[in-house]
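Okay, here's what each chain looks like letter by letter:
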Amino acid sequence: MENTPRLVTKRLVLDRLTMADVSQVARWLSSDAVCRGLLLLPHRSPEEYAEMIRRVVEQYDTAEDYFQWAIRENGVCIGRMSLVVNRRHQSGMMAYSLAESAWGKGYMTEALTRVIDFAFDELGLNRIEGDHFVENPASGRVMEKSGMKKEGYARQKYCKEGVFHDAVLYAVLKSDRT
Ligand SMILES: CC(C)(COP(=O)(O)OP(=O)(O)OC[C@H]1O[C@@H](n2cnc3c(N)ncnc32)[C@H](O)[C@@H]1OP(=O)(O)O)[C@@H](O)C(=O)NCCC(=O)NCCS
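Residues numbered from 1 in each chain as written. Predicted model: local features only at pLDDT ≥ 70, side-chain atom pairs only at ≥ 80, totals over all residues. Heavy atoms only, no water.

> Could you give an account of the state of the cysteines, with specific residues and numbers?
Formally, a disulfide is one covalent bond, and it connects the sulfur atom of one cysteine to the sulfur atom of another. A full pass over the atoms with the stated rule returns zero disulfides. The thiol of Cys35 is unpaired, and the distance to the nearest cysteine sulfur, on Cys77, comes to 14 Å. By relative accessible area, Cys35 is classed as buried at 1%. (Disulfide = S-S within 2.5 Å. Buried < 20%, exposed > 50% of the residue type's maximum accessible area, 1.4 Å probe, protein only.)

> Hey, could you go over the environment of Ile78 for me, with residue numbers and the actual values?
In this fold, Ile78 is placed in strand β4 (residues 76-86). Considering only alpha carbons, one finds Ile78 and Ser97, 19 residues apart in sequence, at a separation of 8.7 Å. Ignoring sequence-local partners within four residues, the contact set of Ile78 consists of Leu12, Trp28, Ile71, Glu73, Ser97, Leu98, Ala99, Ala102 and Tyr107. (Helix = DSSP H or I, 4+ residues; strand = E, 2+ residues; numbered from the N terminus. Contact = heavy atoms within 4.5 Å.)

> Please set out the pattern of salt bridges residue by residue, giving values where relevant.
One pass over the full model with this rule turns up 15 salt bridges. Here Glu110 ties to Arg11 by a salt bridge, and the two come within 2.7 Å at their closest N and O atoms. In this pair, Glu110 sits in helix α4 (residues 107-122) while Arg11 sits in the loop between β1 (7-8) and β2 (13-16), placing the two residues 99 residues apart along the sequence. What makes Glu110 buried here is its relative accessible area of 17%. Among the residues examined, Arg11 registers a relative accessible area of 37% and is labelled partly exposed. Between Glu129 and Arg127 there is a salt bridge, and its shortest N-O distance comes to 2.7 Å. Connected through shared salt-bridge partners, Asp15, Asp21 and Arg72 make up one network. (Salt bridge = Lys/Arg side-chain N within 4 Å of Asp/Glu carboxyl O.)

> Please give an account of the packing of α4 against helix α5 (residues 137-145) that cites residues and values.
How two helices pack is summed up by the angle between their axes together with the distance between the axes. Put simply, α4 and α5 touch, their axes get as near as 9 Å, and they point 45° apart. Comparing their axes, α5 and α4 come out oblique. Of the two elements, α4 crosses α5, and the hand of that crossing is right-handed. Two secondary-structure elements touch here, α4 through Met108, Thr109 and Leu112 and α5 through Val142, Met143 and Lys145. (Axes fitted to C-alpha atoms, helices over the stretch in contact; angles between N-to-C directions. Parallel < 35°, antiparallel > 145°, perpendicular 65-115°, else oblique. Left-handed = near helix turned anticlockwise from the far one by under 90°.)

Rendered as structure tokens:
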């Protein structure tokens, strides 16, 4: 399977990030609101955003099972989606973020649903999982609308700037879809 193949939904295209996306990604990833639900801190320098994208781009052709999509609306990168595959356990862990201007339109549900289909149908995985800070229920709703089930909580799973955050765990199994 090709790393990070192009996936198309009704309104979005998911494909590889390029260095041409740096300024756009930096614009929405600088937002406090976007970073509140992420481990990433806002307001990084232009060089840090460029380095972040450069590391992603370099791995498309060198890493195996490497899935890091740009989420595009009319060609513009408005979000990101990643899927980290564990072949031994036939599972994948996904994560995502979207520009604040694009929130509330069902975009992430549309993108995640497509990635879950890809992971089951084209990668042959058995389980897809994700989690979110307990303070970020919109992300849980996205996972729920995409067919994932809440499995529980992991207390103080993440530490961000010295503050522990509980995580809510979601997953969907291949057998859940039949
Ligand atoms: C979380 C995020 C991905 C949602 O993307 P989105 O495209 O706006 O999501 P959707 O429109 O597909 O669905 C959002 C759902 O959450 C609901 N929602 C929004 N805010 C909510 C809140 N505070 N509490 C509960 N539900 C909420 C919406 O009503 C909607 O559900 P509905 O369709 O039943 O009404 C986006 O806000 C984001 O990127 N946030 C910053 C980064 C982030 O948190 N990433 C996830 C890390 S785990």
